[in-house]
Amino acid sequence: MIVKRCEQQAGEQLEALILELSSQESLQDVRDVTLRSHSLTNADLEPLLVKLPQLQLLSLSHNLLHQIPMGFSHLQQLCSLNINHNHIDSLEGLRSCTSLKELYAANNRIGDLAPLSCLKNLATLSLFNNAVASLEQCMRALHGLPLLQELEL
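In this report, we go over the structure that sits alongside the text. Because the structure is a prediction, the values reported are computed rather than measured. (Residues numbered from 1 in each chain as written. Predicted model: local features only at pLDDT ≥ 70, side-chain atom pairs only at ≥ 80, totals over all residues. Heavy atoms only, no water.)

**Let's talk about the overall build of the protein**
For clarity, the cut-off: Secondary structure follows DSSP: runs of H or I at least 4 residues long count as helices, runs of E at least 2 residues long count as strands, and numbering of each begins at the N terminus. For a compact globule the rule gives 2.2 Å times the number of residues to the power 0.38, and the radius of gyration it is set against comes from C-alpha atoms. Here the term buried applies to any residue with accessible area under 20% of the maximum for its type, exposed to any over 50%, and partly exposed to those in between, with areas from a 1.4 Å probe on protein chains only. In this analysis, two residues are considered to be in contact whenever any of their non-hydrogen atoms come within 4.5 Å of each other. To be clear on the numbers: accessible area is Shrake-Rupley with a 1.4 Å probe, and residue cover counts the displayed protein chains and nothing else. We count Lys and Arg on the positive side and Asp and Glu on the negative side, and we leave His and both chain ends out. Here the site of a charge means atom NZ of a Lys, CZ of an Arg, CG of an Asp or CD of a Glu.
Within the protein, the regular secondary structure consists of three helices and six strands. The order of α-helices and β-strands along the protein, N terminus first, is α-β-α-β-β-β-β-α-β. Scaling as 2.2 N^0.38, a compact globule of 153 residues should have a C-alpha radius of gyration of about 15 Å, and the protein matches this with 16 Å. Along the first, second and third principal axes, the C-alpha set of the protein runs to 50 × 30 × 20 Å. Counting all 153 residues of the protein, 39% fall into the buried class. Here the analysis covers contacts within the protein between residues at least 6 apart in sequence; of these, 35% occur between residues at least 24 apart. Summed over all atoms, the accessible surface of the protein reaches about 8300 Å², with 51% contributed by carbon and sulfur. Separation between the mean location of the 10 positive side-chain charges and that of the 16 negative ones in the protein comes to 4 Å.

Quick look at the structure:
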């Protein structure tokens, strides 16, 4: 019960911080969130993302994420995502983010790029310092991205 109450308080503090930084009155109206270096985990973000349906830009670099949080399926408007410098090993949770144009995912543990094949609007992709096995595998995975203009490996 005490742990649950602490998690709830942390979630409320995170919501208040986002509202303060965005100058919005409601999370429903927030379009831009930057939460760099806040030691955030997946558990911190998953309940929050559902409350941000208008989100277009999200920066979560330098946190403690191990995977793409489940709440990303609600971010249909998301155009730019920065998840640099985390511990992410899979991009599987991004498949539903079909509006995504920019993805910065450098300095993680990502090996499989197949989940990116659904992101047909992706124009900028940064993946350097990850666990991608080979350039050939990378090129196969990225072949179906017709708008890709910038690629950092």
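Resuming the write-up.
**Observations regarding the nonpolar core**
Basically, it comes down to this: We call a set of buried Ala, Val, Leu, Ile, Met, Phe, Trp, Tyr and Cys residues a nonpolar core when their side-chain atoms join them within 4.5 Å.
Judged by nonpolar contacts, the single largest core of 39 residues is most densely connected at Leu58, Phe72, Leu94 and Leu103. Counting only elements with at least two residues in this core, the list comes to helix H1 (2-22), helix H2 (42-49) and helix H3 (135-142). Ignoring sequence-local partners within four residues, the contact set of Leu103 consists of Leu81, Ile83, Leu91, Leu94, Leu116, Leu122, Thr124, Leu125 and Ser126.

**Here we look at H3**
Rule in force here: When we speak of the arc, we mean the arc of directions from the helix axis to the C-beta atoms.
Taken together, the buried positions of H3 are Cys138, Ala141 and Leu142. The arc enclosing the buried residues of H3, seen along the axis, measures out at 90°, which places them on a common side. Away from its buried face, by an angle of more than 90 degrees, H3 presents the exposed residues Glu136 and Arg140. Elements that come into contact with the buried residues of H3 comprise strand S5 (124-126) and strand S6 (150-152).

**Description of the sheet that holds strand S2 (residues 57-59)**
Put simply, the rule reads: Strands qualify as paired when DSSP identifies two bridges or more between them. Only C-alpha atoms enter the line fits that serve as axes; for helices the fit covers just the stretch in contact. Angles between N-to-C directions range over 0 to 180 degrees.
As summarised here, the arrangement of the six strands in space is S1-S2-S3-S4-S5-S6, forming an open sheet in which the pairing is parallel. A strand with exactly one partner marks an edge of an open sheet, and here the two such strands are strand S1 (32-34) and S6. Strand-to-strand twist of the sheet, defined as the mean angle between neighbouring strand axes without regard to direction, takes the value 5°. Pairing between strand S3 (residues 80-82) and strand S4 (residues 102-104): three bridges, direction parallel. Its bridge partner lying in S4, Ser80 is registered against Glu102.

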